[in-house]
Amino acid sequence: MAPSPSHSQSLLPNPGILILDRIERDVDRFRLMARVDQEPTCPVCGVVSRSGHSSYRRCLQDLPWQGVTVQLCVRIGRFRCRNSSCPRKIFCERLPQVTRVYGRQTERASEIVRLIGYVAGGRPGQRLLTVVHRHQ
């Protein structure tokens, strides 16, 4: 029987595909160090690949904790698409329900910014987010 997941795992935006390795605390922020646990699938042709190419670390702004900035740092894998008819030769793992393809924030952090923008408007929303950021 597999051990039950840690309570810390529930802090992640999509605990179904992310595994929390550790939490680091700097002077001004928390860093959630995580990795992806899903079948790497080519976004163009949909073929699953086990042929690793390389990896990189992607850091995303997440929701603050107790007024402290949180950064989600995920080890992302690059893979070779072995489908000879696919135009994509190398692809990166996607993070569904975590962030958009080129996103710099988690979806839940982006949603907060979006909601403040809709409710408060352009300049007032900007001022409100600036004040919130200063008090983190």
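Quick note: structure is the one above.
So, here's what we can say about the structure. In this text the structure is predicted, and so the values were computed from the model without any measurement.

1. A few points about the packing of aromatic side chains
In step 1: Scanning the model with the defined rule gives two aromatic pairs in all.
In step 2: One residue, Arg 25, lies across the ring of Phe 30, its end atom 4.6 Å from the ring centre.

2. Brief notes about the side chain of Ser 49
In step 1: By the element assignment, Ser 49 lies in the loop between strand E2 (29-36) and strand E3 (52-65).
In step 2: Among the polar contacts made by the side chain of Ser 49, one reaches the main-chain carbonyl oxygen of Arg 80 at a distance of 2.6 Å.
In step 3: Setting aside anything within four residues of it in sequence, one finds Ser 49 in contact with Pro 40, Phe 79, Arg 80 and Phe 91.

3. Structural notes on the environment of Pro 64
In step 1: For Pro 64, the location among the structural elements is in strand E3.
In step 2: Sequence-wise, Pro 64 and Gln 38 are 26 residues apart; in three dimensions their C-alpha atoms are separated by 26 Å.

4. Focus on the nonpolar core
Across soluble globular proteins, nonpolar side chains show a tendency to be buried alongside one another.
In step 1: The biggest cluster of nonpolar side chains holds 16 residues, and the ones touching the most others in it are Leu 18, Leu 72, Val 74, Leu 95 and Val 98.
In step 2: Those elements that place two or more of their residues in this core are strand E1 (18-25), E2 and strand E4 (68-80).
In step 3: When near neighbours in sequence (up to four residues on either side) are disregarded, Val 98 contacts Pro 13, Asn 14, Ile 17, Leu 18, Leu 60, Leu 72, Gln 105, Thr 106 and Glu 107.
In step 4: Residues Cys 42, Cys 81, Cys 86 and Phe 91 belong to the second largest nonpolar core, which totals five residues.

5. With respect to the environment of Arg 88
In step 1: In this structure, Arg 88 sits in the loop between E4 and strand E5 (90-92).
In step 2: Measuring from C-alpha to C-alpha, the distance between Arg 88 and Gln 105 comes to 26 Å, with 17 residues separating the pair along the chain.
In step 3: Look past the residues within four positions of Arg 88 in its chain and what remains in contact with it is Cys 42, Pro 43, Val 44, Cys 81 and Arg 94.

About the cut-offs
- In every chain, residue numbers begin from 1 and rise along the written sequence.
- In keeping with the model being predicted, local features are shown solely for residues with a pLDDT of at least 70 and side-chain atom pairs are shown and tallied solely at 80 or more, while totals for entire chains, interfaces and linings include all residues.
- To get the side-chain values, all heavy atoms of the structure are used, and hydrogens and water are removed first.
- Stacked, edge-to-face and tilted labels apply to pairs of Phe, Tyr and Trp rings (six-membered ring for Trp) whose centres lie within 6.5 Å, assigned for plane angles under 30 degrees, over 60, and everything in between, in that order.
- In this scheme, Lys NZ or Arg CZ marks a charge over a ring once it lies within 6 Å of the ring centre and within 35 degrees of the ring normal.
- The numbering of helices and of strands both runs from the N terminus, where a helix is a DSSP run of H or I of at least 4 residues and a strand a run of E of at least 2.
- A 3.5 Å cut-off defines polar contacts: any pair of N or O atoms within that distance qualifies, except that in protein one atom must be a possible hydrogen donor and the other a possible acceptor, and neighbouring residues in sequence count only when both atoms are side-chain atoms.
- Here a residue-residue contact requires only that any non-hydrogen atoms of the pair lie within 4.5 Å.
- Buried Ala, Val, Leu, Ile, Met, Phe, Trp, Tyr and Cys residues form a nonpolar core when they are joined through side-chain atoms within 4.5 Å.
- Exposure categories follow from relative accessible area, calculated using a 1.4 Å probe and restricted to protein chains: below 20% of the type maximum is buried, above 50% is exposed, and the middle band is partly exposed.

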